[in-house]
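An overview of the molecular structure
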Amino acid sequence: MSTYKIEAGTAQHIGSRPQQNDRVALFTAPKAPGYVLAVLADGVSGGAAGAEQVLHTAKQLFDEYRASETVSLPRVEELLREIAHDVHQILVMDPRTGASEPQASMVLLLLTPARQAAWAFVGDSRLYRFDNKECVGRSSDAEYVAYLMEQEKLPEEAARKHRQAKMLNNVLGNKQKEPFIAYGLQENLKAGDAFLLCSDGLWSYFADVELATVVAKKSPREAAEMLVNKARERAQGKGDNCSMAIIKLVAPPKEEVNYTVQKLRKAV
C-alpha cells in the first residue's frame, strides 16, 4: 500500500539565450499503471533538436512499456538504457554535421508503484535527491571520470577536462564516442522524499542545501518560481536556459489514511 502521494511540476525559463534548447516533461504510461517518468534534456549542440529527440523517444518507449505483476528492476533499467541508446543512434545518424550536429545531455527518473525510484543520466544535466530539507545525493561526473581513468587509462587531469575535448565529451549524439550512462536506484521511498531534475542553467547558481530547503518548504510550482527568479538574479543577465522537474512525495490526508485502514479492517 502506498504511503505517499506524488506532487510534481515542471518549469522553464529561456534565461539570456536567444532560444530555449532545454526540454522537460512528466509522463505516465497507459500499459504501466502507477509508473511515472520524468525527463529532462539539454540541447548542448545543434539547438533544441537533441533535447527534442530525448523527449520524443522517451515518451514513445514509455508508452510501449508493459508492466508485469511485480516490478522488475532489471526491466526498468533496460528501459532507461534503451531510451538513451535509441536517442544516441538517431542523433548520430542525423545528416547534419559540424556546428549544427545535434547533441544533448539527459537525465531520466522513473518511479514505480513498489516505492522505488530508478534513474539514468548522461552529461551535466543533474538529478538531486532530498530527504525533507537534506540533500542525500546528486548526480555528478565522478563515475565518468573514474571510467576514463580506469578503462581508457587517461590521467586524472585529462579525464576531468573531458568537456573540453570533443572526443571525450559525454553526450548523446557524439559521433566520436558512445555515451557513458550512469544509473542509480532508491528503494523504500517515503513521504518527505523529493527529486529535482535540472539543467546547468539552474544548478550552477545554487548550493545543495539551498535547493533542498526550497523544495521541502514549497509546492513544486512555488519552488520552481522561486528558483527561476533567484537563478535569473544571480546570473546577472548572463544566464543559460533554466529548466527543472520537481517530484515530491507527500503524506496523504489523514482522512484518506483512516478510510483505507477502516476499509482493510472491514475486508478482513
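Before reading further, recall that the structure is shown in the block above.
The model shown is predicted, which means the values in this text are computed figures rather than measured ones.

The subject of this paragraph is helix α1 (residues 49-64). Look at α1: 23 Å from first C-alpha to last across 16 residues, which is about the 22 Å you get at 1.5 Å a residue. Among the residues of α1, G50, A51, Q53, V54, L55, T57, A58, L61 and F62 are the ones counted as buried. Those residues of α1 that are buried are in contact with β2 (22-29), β3 (32-45), α2 (73-92) and β4 (103-112).

Here we come to the sheet that holds β4. Here we have 5 strands laid out as an open sheet, ordered β2-β3-β4-β5-β8, and antiparallel in their pairing. What marks the edges here is a single partner per strand, and that holds for β2 and β8 (182-186). On average, each strand axis in the sheet is inclined to that of its neighbour by 10°, with strand direction left out of account. Both β4 and strand β5 (residues 116-122) contribute to a ladder of 7 bridges, which runs antiparallel. Residue pairing across strands places L110 opposite A118, the latter belonging to β5. Those strands touched by α1 are β2, β3 and β4, and its axis lies near 5° from that of β2.

Right, let's get into the environment of V250. Structurally, V250 can be placed in strand β10 (residues 242-250). Residues V250 and M167, 83 residues apart in the sequence, show an inter-C-alpha distance of 43 Å. Excluding residues within four positions of it along the chain, V250 makes contact with Y4, K5, E7 and A191.

Of all hydrophobic cores here, the largest spans 31 residues; its most connected members are L37, V39, V54, F62, I83, L110 and L172. Counting residues per element, the ones that place at least two in this core are β2, β3, α1, α2, β4 and β5. With 7 residues, the single largest contributor to this core is α2. The residues contacting L172, other than those within four sequence positions of it, are V54, A84, V87, H88, L91, P102, Q103, A104, M106, V122 and P179.

The strand order β1-β10-β9-β6-β7 describes an open sheet built from 5 strands, whose pairing is antiparallel. Among the strands making up the open sheet, the edge pair consists of β1 (5-13) and β7 (134-138). Adjacent strand axes in the sheet meet at a mean angle of 20°, parallel and antiparallel pairs treated alike. Docked against the sheet, helix α6 (residues 208-217) engages β6 (126-131), β7, β9 (193-198) and β10, running at close to 60° with respect to β6.

A few words on the environment of K175. Tracing the chain through its elements places K175 in the loop between α4 (156-160) and β8. With 24 residues separating them in the primary sequence, K175 and Q151 have C-alpha atoms 19 Å apart.

According to the stated counting rule, one finds 1 cavity of 30 Å³ or more in the structure shown. Every residue along the wall of the largest cavity is listed here: F121, V122, G123, S140, D141, E143, Y144, H162, N170, F180 and A182. Secondary structure elements with two or more residues in the lining of the largest cavity: β5 and α3 (142-151). Residues belonging to the lining of the largest cavity are distributed by class as follows: 5 nonpolar, 4 polar and 2 charged.

Considering only enclosed or pocket space, the largest pocket measures out at about 260 Å³ in volume. Forming the walls of the largest pocket are 18 residues, and the residues nearest its centre are D42, G43, V44, D124 and D200. For the lining of the largest pocket, the leading source of residues is β3, giving 3 residues. The residue inventory of the lining of the largest pocket, partitioned by class, reads 2 nonpolar, 9 polar and 7 charged.

Before going further, it helps to spend a moment on the pairing of β3. Counting buried positions over the 14 residues of β3 gives 11, a clear majority of the element. Across 8 bridges, the pairing between β2 and β3 is antiparallel. Across the sheet, the residue bridging to A25 is V39, located in β3. Where β2 hands over to β3, the hairpin turn is made up of 2 residues, counted between the paired strands. Direction of pairing for β3 relative to β4: antiparallel, over a ladder of 9 bridges. By the bridge assignment for β4, G43 is matched with A104.

Here is what the cut-offs are and how they apply
- Residues numbered from 1 in each chain as written.
- Predicted model: local features only at pLDDT ≥ 70, side-chain atom pairs only at ≥ 80, totals over all residues.
- Heavy atoms only, no water.
- Helix = DSSP H or I, 4+ residues; strand = E, 2+ residues; numbered from the N terminus.
- Expected span 1.5 Å × (residues − 1).
- Buried < 20%, exposed > 50% of the residue type's maximum accessible area, 1.4 Å probe, protein only.
- Contact = heavy atoms within 4.5 Å.
- Pairing = 2+ DSSP bridges.
- Axes fitted to C-alpha atoms, helices over the stretch in contact; angles between N-to-C directions.
- Core = buried A, V, L, I, M, F, W, Y, C linked by side-chain atoms within 4.5 Å.
- 1 Å grid on protein atoms, 1.4 Å probe; cavity = no way out; pocket = protein on both sides within 12 Å on 5 of 7 lines; lining within 4 Å.
- Points joined across faces, edges and corners; volume = space filled by probe spheres on them.
- Nonpolar A, V, L, I, M, F, W, Y, C, P; charged D, E, K, R; others polar.

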